[in-house]
Amino acid sequence: MAEREAAHIPSMTIIATKGTLDMAYPPFILASTAAALGWDVSIFFTFYGLNLLKQDLDLKVTPLGNPAMPMKLPEGPNWIKGKALPMPTSVMTLMRGFESMATGLMKKTMDNKGIASIEQLREMCIESEVKLVACQMTVDLFDYGKDDFISEIEEWVGAASFLPRAMKANVNLFI
């Protein structure tokens, strides 16, 4: 029994449903970490999460529907640098250009902290043999073409084809 348990390769499936810059990090960080630990990992990209597999990533940060979003300034004088902006997200969403500013601030903060970019994390997943699975129904729904996406997508399937894999996995995450 111990021998069989020692030979078991843990597995994880992730369902990625969001395509914003801030929500792109969790699936790629968790997948690349699990793969580095020797796990068998698959990510099913559906609805807006499918944007994470596009060749040209143009991901933004949006305060809309994100009440816990801390807007901290990555630059500036010490009295304001790293301080959260005391502004309700409902006000942020009404300000013209705020999404671009929030995206720029997030990218600058991550760069300052030495955090890998989404492109780098995605490449680490590919190199680690994480299985990238595109939801074919979403591709059809949004009239995407396969040439819009990276070539490393392993499968183009629907939920009915992915769920049996998730059922057998040790860990399942919905992001």
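Residues numbered from 1 in each chain as written. Predicted model: local features only at pLDDT ≥ 70, side-chain atom pairs only at ≥ 80, totals over all residues. Heavy atoms only, no water.

Novice: Is there a simple way to explain the pattern of salt bridges in this structure?
Specialist: Opposite charge on two side chains lets them pair, provided their charged atoms get close. Evaluated as defined, the whole model comprises three salt bridges. Here Asp40 ties to Lys131 by a salt bridge, and the two come within 2.2 Å at their closest N and O atoms. With a gap of 91 residues between them, Asp40 in strand β2 (residues 40–45) and Lys131 in strand β3 (residues 131–135) connect regions that are remote in the sequence. Judged by its relative accessible area of 34%, Asp40 falls in the partly exposed class. Since its relative accessible area comes to 18%, Lys131 is described here as buried. With a shortest N-O distance of 3.0 Å, Lys60 and Asp58 are connected by a salt bridge. (Salt bridge = Lys/Arg side-chain N within 4 Å of Asp/Glu carboxyl O. Helix = DSSP H or I, 4+ residues; strand = E, 2+ residues; numbered from the N terminus. Buried < 20%, exposed > 50% of the residue type's maximum accessible area, 1.4 Å probe, protein only.)

Novice: Can you walk me through the layout of surface pockets in this structure?
Specialist: Unfilled space is identified by rolling a water-sized probe across the atoms. In this structure, the second largest pocket occupies an estimated 200 Å³ of space. Surrounding the second largest pocket, Leu21, Tyr25, Leu57, Leu59, Lys107, Met110, Asp111, Gly114, Ile115, Ser117, Ile118 and Glu119 form its lining. Mapped by element, the contributors of at least two residues to the lining of the second largest pocket are α2 (21–36), α4 (98–113) and α5 (118–127). Take the lining of the second largest pocket: its biggest share by element is three residues, from α4. Its residues placed into classes, the lining of the second largest pocket shows seven nonpolar, two polar and three charged. (1 Å grid on protein atoms, 1.4 Å probe; cavity = no way out; pocket = protein on both sides within 12 Å on 5 of 7 lines; lining within 4 Å. Points joined across faces, edges and corners; volume = space filled by probe spheres on them. Nonpolar A, V, L, I, M, F, W, Y, C, P; charged D, E, K, R; others polar.)

So, to be careful, I would describe these as geometric facts and stop short of saying anything about function.
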